[in-house]
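Geometric and topological summary
Next come the chains, spelled out residue by residue.
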Amino acid sequence: MKLPVKMTINGQTTSHEVEPRLLLVHYIRENVGLTGTHVGCDTSQCGACTILMNGQAVKACNLFAVQADGASIQTIEGLAKNGELHPIQQGFWEKHGLQCGFCTPGMIMAACQLLERYPTPTEEQIRHQLEGNLCRCTGYHNIVKAIQWAAETMAAKK
Amino acid sequence: MATVAEDRLFGKSIKRREDPRFITGRGQYVDDVKLPGMTYAAFVRSPHPHAVIKGIDASAARQVPGVIAVYTGEDVKVGGLPCGWMLPDIKVPPRPALASGKVRYVGEPVAIVVAESVYAAKDGAEAVRVDYQPLKATVNPKSAHDKGAPKLFDDIPDNQCFYWTIGDKAATEAAFKSAATVVRQPLVNQRLIPNAMEPRACVASFSPAMGDLTLWVTSQNPHVHRLLMAAFILGIPETKMRVIAPDVGGGFGSKIFVYNEEVVACWASKTLGRPVKWTAERRESFMNDAHGRDHVTEAEMAFDRDGKITGLRVKTHAALGAYLSTFAPLIPSFLYGPLLSGVYKIPVIFCEVWGMLTTTAPVDAYRGAGRPEATYLVERLMDRAADQLGVDPTELRRRNFIPKFTDGTPYQTPVAFAYDSGDYEPALRRALQMAGYDALRKEQELGRKQGRLIGIGVTTYIEACGPAPSAVAGSLGAGAGLWESGQVRVHPTGAVSVYTGSHSHGQGHETTFAQLVADELGIPMEQIDIVHGDTAQIPFGMGTYGSRSACVGGSAIFRSLEKVKEKGRKIAAHLLEAGEQDLVFEKGAWSVKGAPGKSKAWGEVALMAYLAHNIPQGMEPGLEATSFYDPTNFTFPFGAHVAVVEIDPDTGHVKILRYVAVDDVGRVINPMIVDGMVHGGIAQGVGQALWEHGIYGEDGQLVTGSMMDYALPKADQLPMYETDRTVTPSPVNPLGVKGAGETGTIASTPTIVNAVIDALSGQGVTHLDMPLTAEKVWKAAAASRK
Amino acid sequence: MYPAAFEYHAPASVREALGLLGQYKDDAKLLAGGHSLVPMMKLRLAQPKHLIDLKKIPGLSYIKEDGGAIAIGAMTTHWQVESSALLKQKCPVLSETAAVIGDPAVRNLGTIGGSLAHADPAADMPATIIAHGAEFVCEGPKGRRTVKVDDWFLGLMSTAVKEDELLVEVRVPLWAGKTGGAYLKFPHPASRFAVVGAAAVVTLDGAGKCTKAGVGITGAGIKAVRARDVEAGLVGKNLDQATIEAAAAKAAEGVDVQADLQGSVEYKSHLCRVFARRALEAAVKRARG
């Protein structure tokens, strides 16, 4: 039996009838058509599907769409405002924090949470907070640099 | 702001042009493709490592709501998956797209279910009943050779696909007879599972109206996919097949090959007249993506009284898996044996390899592909020898380096390769200087007195990449040429589209290649478009693997740039009424020497080429060129890596304190991108040294079949890397570049292992097989304590 | 990655949830943070016909001081535990333990009640809860009852919560006097679960003598356990290094150590001793201030 779900994604209201078993990540990708949120594993290890739900980073592959009924969701597509990149996006670009780009949306969304909680993070804090996001290309060096760049840029803007 | 060459862009860390789409979530990966009328596939996979299929009952599955069709190996009438590399006397077992009669590894596809949704397809797959009669498994390449081991194929005795040798057996034996010292070490180079972050995927769309087939697939080489699938498997003309590899989320070798799923999806789309999509679940990637490494080796190195190497003898059993993947035979043969000379003067080498079938996923190229296995062996032996001879490991390496050769005369090894150029000592010197080697040794000594286990590991390596002269490849068994195409189409405005047969799945071609073009034509990067990954747009190409994009693909583009410039010069000379020899091309314009103000800009010349109102008599209009660049040799990057580790004696946990990498990849187009590849390569090699291991139990089950069990490196396990370069341009290509994609992986594995063994050397430990898990390290340290 | 079909229920009260549980019994699974259950469903290793989502029940998420204990609602997330000012002040080991569970995204969804009711043998929180001598409040059709932690973990993924009950609250006694604690673990390199984890809470009197000690071990066996022999070696003694080491040497006793890819029985038993010692050293140092 399908159930109605309604949520706000990047400021836009979406509503659909869905099977309860539909994962939130599939809802976002297939029903809403926002394919920036990726699926990299099936055991909630890789973090490629990380989004913000009600302001908190969650793995969209580990939730059913029905659980997000009424929630406010932010995905990678909603991060840049008026064509201006978010400092974390900019940091990944400046510091070459990506290669194949597949883990990148999840990394960036995880970094949003990270910098909200630790605005001036140490290298160790950054690495610990990225425990749930795997990257196979960068060896993480430039991801750490990107987040450091973003932290400095965001601090300077305040 | 226009990115234009004030001087040259070659050598500048230009920010990547592909990044804006990735950082905003607008990359276009295969799973993002959505077509009208799409159907979704799920595969029924064998739960057994080895079994006879006695029957398949799909009746219940066909009743599952949403299921459109179920097909088994009996239904799918296509050719088997071919092997693209032949060795002498090789036995190639048939590899059906869906298992027929027997299954030979856990995860082998047995049936396909096509449905209206992927959820329904999975429901259907679960409802297919397969009756198996289980047989015994054999998972280890050495024991698969034993008499009495279960046989995978009736007509392949002892599970041996090939026996291959390189080098001079008699001379090597003589060297060992007269050796002052012989160092022996059995080694296991464990099985790895690649795990690119994007799981493999395909969308096959057959158009009943046009009779043509479009395949979007996660491929490192779409043309190779098209050739093999059209000509050998599906039996359709290549003209009727288009393969698109859009944004691809990492490959590391695993996306070179033609796999069952895309073949069956193509057939199903043709049969149903609807598009069919399949995306791997990660557990399917673990089971069915080609794995890497898996060697069991005995190695011996002979030395004279001065600590100079006099010979090397290697016996390796290499697992190939249950079937031969696309390039499987190449990896443990020609990409392995010829690397055994390393950066050392070794007079004689003899290497024997047994290519073995095992009831496991097929094994093929994985980042480094053969070269990491060879380098690990050589560099472990060097450290063992240093220990046995009582010499500092850096001193032993120095003593045996091939002396500098940079004048264009290659160095001929005893195992086929003629290195293009090399100057090995400066890289080592620089790495040791960056690491502060002498101070580190003192710190280590001091630490030991306080009970700390600090280890310093050094590797000096060589790597062969940028394959390869096609004629050489052909003589060694290649089923393809290994050149690359590069087409430059100049538009009437002077903007340029470049079509490359190389494929970027993270390497940054859209930036690096554009830097080359901007330099050569003097136009801004914004006017340059790099197109790759689509067989309908690009002349035939060979794709990206073996760190070949810059050396081979870049050189092909460079040749075409020379050709369009040559034609442009003729047009400019004509317009300027000057002799061609009197023109200089600078900053995007031809001007006449000694006549300032008399010039024609690139755009003006391009426009005239298409207007053709006033071009030299007899010249064809238009301005474009295609080149097929066939390299004259591999390129041979080299370098020295140093790692410092500390072991927690209580737990065996290894912490990496420092990692220094000095690489020589020749001239560097974009240092930022090259550094990034080095970083990622190091991490992957560290993963093999410390954590990663694709384990099949004796019962043939894949024990490490998820990211919960198979330990990929994470951010908090790795340090910042300290990198530098020496620059010895490669003489074999016009750019002077060498491959940079695999050096990190090749070097870091032995560097880390050498460091850990060095840390334990005080306890008398001389070797441990990878991965150096905490328990293994703790046990080794504890055993000696007793 | 694609769970089998089920019916979804989002009760608005504990009573309603209990009604659904009574109705569907074995066919139902309770969904809290979902970080254990949902992956199992995605791999189709779990295929419940009914899923009862507890997230929409108000009043199950709180951290408050209540009669000599800290009361934590079962649906309180690991992040809430990690970041709670109250816990950081009064029971910091809980926050520290929560901070090393899974990863940040897991901690944002995963709940303390879910973790303790699921009782994964390699979960972190059970060791800390044991060391603290916590209590569990379960609600069933006949009302609430309290279960002591020593009666909670029964076996592999099995706890004292009955089929018709919900775990609604965890009660952690407040620290008294000079008390210090720590949780330390050896993480699995891939999953980050505890290969072995040890929690210790010790209370010292004015003379520095140990008046109370709680030590919990997780990861090594089929369930988290109290290391009674370690505790016995501490109480009534001055906790000098020799005493700590002698006590910690018994950390694997009473643990049904299981060999797996991450370690043999020998290695994991050794890790029990190492991490018990380290947790005790840290706890004592903190207790002394």
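Calculation criteria
- Residues numbered from 1 in each chain as written.
- Chains lettered and ligands numbered in written order.
- Predicted model: local features only at pLDDT ≥ 70, side-chain atom pairs only at ≥ 80, totals over all residues.
- Heavy atoms only, no water.
- Helix = DSSP H or I, 4+ residues; strand = E, 2+ residues; numbered from the N terminus.
- Rg over C-alpha atoms; globule rule 2.2 N^0.38 Å.
- Buried < 20%, exposed > 50% of the residue type's maximum accessible area, 1.4 Å probe, protein only.
- Contact = heavy atoms within 4.5 Å.
- Areas by Shrake-Rupley, 256 points an atom, 1.4 Å probe, with all protein chains shown as cover.
- Lys, Arg positive; Asp, Glu negative; His and termini not counted.
- Charge placed at Lys NZ, Arg CZ, Asp CG, Glu CD.
- Patch = residues over 30% accessible without salt bridge, like charges linked within 9 Å, V, L, I, M, F, W, Y side chains within 5 Å.
- Salt bridge = Lys/Arg side-chain N within 4 Å of Asp/Glu carboxyl O.
- Pairing = 2+ DSSP bridges.
- Polar contact = N/O pair within 3.5 Å; in protein donor to acceptor, adjacent residues only side chain to side chain.
- Nonpolar A, V, L, I, M, F, W, Y, C, P; charged D, E, K, R; others polar.
- Domains from an automatic or database assignment.
- Buried area = accessible area lost by both parts, 1.4 Å probe.
- Phe/Tyr/Trp six-rings, centres within 6.5 Å; stacked < 30°, edge-to-face > 60°.
- Core = buried A, V, L, I, M, F, W, Y, C linked by side-chain atoms within 4.5 Å.
- Axes fitted to C-alpha atoms, helices over the stretch in contact; angles between N-to-C directions.

1. Focus: the overall build of chain C
Helix and strand counts for chain C stand at 11 helices and 14 strands. For 289 residues, the compact-globule estimate of 2.2 N^0.38 gives 19 Å, and chain C sits close to it at 19 Å. The principal-axis extent of the C-alpha atoms belonging to chain C is close to 60 × 45 × 30 Å. The buried share of chain C, taken over its 289 residues, is 61%. Taking the contacts inside chain C whose residues are at least 6 apart along the sequence as the reference set, 63% of them involve residues at least 24 apart. Roughly 10,700 Å² of accessible area belongs to chain C as shown, and the carbon and sulfur atoms make up 52% of that amount. Counting 35 positive and 30 negative side-chain charges, chain C places the averaged centre of each group 3 Å from the other.

2. A word on the overall build of chain A
A tally of helices and strands in chain A yields 5 helices and 5 strands. Listing the helices and strands of chain A from first to last along the sequence gives β-β-α-β-β-β-α-α-α-α. At 16 Å, chain A has a C-alpha radius of gyration in line with the 15 Å of a compact globule built from 158 residues. Counting only C-alpha atoms and orienting by the principal axes, one finds that chain A spans roughly 50 × 30 × 25 Å. Pairs at least 24 residues apart make up 56% of the contacts formed inside chain A by residues separated by at least 6 positions. By element, 48% of the accessible surface of chain A is carried by carbon and sulfur atoms, the whole surface being about 5,100 Å². Averaging the coordinates of the 13 positive side-chain charges in chain A and doing the same for the 13 negative ones gives two points 2 Å apart.

3. Some points on a negative patch on the surface
A cluster of acidic residues, Asp26, Asp27, Glu163 and Asp164 of chain C, forms a negative patch at the surface. With respect to the helices and strands, the residue Asp27 of chain C is situated in the loop between helix 1 (14-24) and strand 2 (28-31).

4. A word on the pairing of strand 11 (residues 178-187) of chain C
Most of strand 11 of chain C is tucked away, with 7 of its 10 residues classed as buried. Counted along the chain from strand 11 of chain C to the antiparallel partner strand 12 (residues 194-204) of chain C, the turn is 6 residues long, and its residue Arg192 of chain C has a positive phi close to 70 degrees.

5. A short note on the interface of chain C and chain B
Between chain C and chain B, the contact holds 26 residues from the first and 28 residues from the second. Counting across the chain C and chain B interface gives 6 salt bridges. In this assembly, chain C and chain B are joined by 14 residue pairs in polar contact (both at pLDDT 80 or more). Ranked by the residues each element gives to the side of chain C that touches chain B, the list is headed by helix 11 (residues 265-288) of chain C, at 8 residues. Among the residues forming the side of chain C that touches chain B, the class breakdown is 13 nonpolar, 7 polar and 6 charged.

6. Quick look at the domain arrangement of chain A
Residues and elements named next belong to chain A. The domain architecture assigned to chain A consists of domain 1 (3-78) and domain 2 (87-157). Between the C-alpha centres of domain 1 and domain 2 there is a distance of 22 Å. Contacts between the two partners involve 18 residues from domain 1, matched on the other side by 15 residues from domain 2. Each partner contributes to the roughly 1,200 Å² buried at the junction of domain 1 and domain 2, and carbon and sulfur atoms together form 60% of this total. Three residues stand out in domain 1 for area buried against domain 2, namely His38, Thr50 and Ile76, and they jointly supply 39% of the buried area on that side. Our enumeration of links across domain 1 and domain 2 arrives at 0 salt bridges. Where domain 1 touches domain 2, the interface holds 6 residue pairs in polar contact (both at pLDDT 80 or more).

7. Things to note about the packing of aromatic side chains
Residue and element names in this part refer to chain B. Applying the stated criterion across every chain yields a total of 32 aromatic pairs over all chains. With centroids separated by 5.8 Å and ring planes inclined at 75 degrees, the aromatic side chains of Phe153 and Tyr323 adopt a geometry described as edge-to-face. Residue Phe153 is found in the loop between strand 6 (129-134) and strand 7 (160-167), and its partner Tyr323 is found in the loop between strand 14 (309-321) and strand 15 (349-357); the two are separated by 170 residues along the sequence. Exposure remark for Phe153: the relative accessible area of 5% places this residue in the buried category.

8. Observations concerning the nonpolar core
Phe92 of chain A together with Met241, Leu312, Leu377, Leu690, Val756 and Leu760 of chain B are the most contacted members of the largest nonpolar core, which has 219 residues in total. In terms of residue count, helix 8 (residues 371-389) of chain B provides more of this core than any other element does, 8 residues in total. Not counting the four nearest positions on each side in its chain, Leu690 of chain B is found in contact with Val654, Ile656, Ile752, Val756, Pro771, Leu772 and Thr773 of chain B. Ranked by size, the runner-up nonpolar core spans 47 residues in total, among them Leu22, Leu23 and Val66 of chain A together with Met38 of chain B.

9. Things to note about the domain arrangement of chain C
The assigned domain composition of chain C is domain 1 (7-52), domain 2 (63-173) and domain 3 (178-288). Here domain 1 of chain C and domain 3 of chain C have C-alpha centroids that lie 35 Å from each other.

10. Details of the sheet that holds strand 19 (residues 484-490) of chain B
Residue and element names in this part refer to chain B. Taken together, the 4 strands give an open sheet; going across it, the order is 21-20-19-25, and neighbouring strands pair in mixed fashion. The sheet terminates laterally at strand 21 (528-531) and strand 25 (624-629), the two strands that pair on one side only. Here the strands of the sheet are splayed against their neighbours by 15 degrees on average, with no regard to which way each runs. Sheet topology places strand 19 next to strand 25; 6 bridges connect them, and they run antiparallel. Residue pairing for strand 25: Ser485 is matched across the bridge by Phe628. Taken strand by strand, helix 13 (residues 509-521) contacts strand 20 (496-500) and strand 21, and its axis lies near 135 degrees from that of strand 21.

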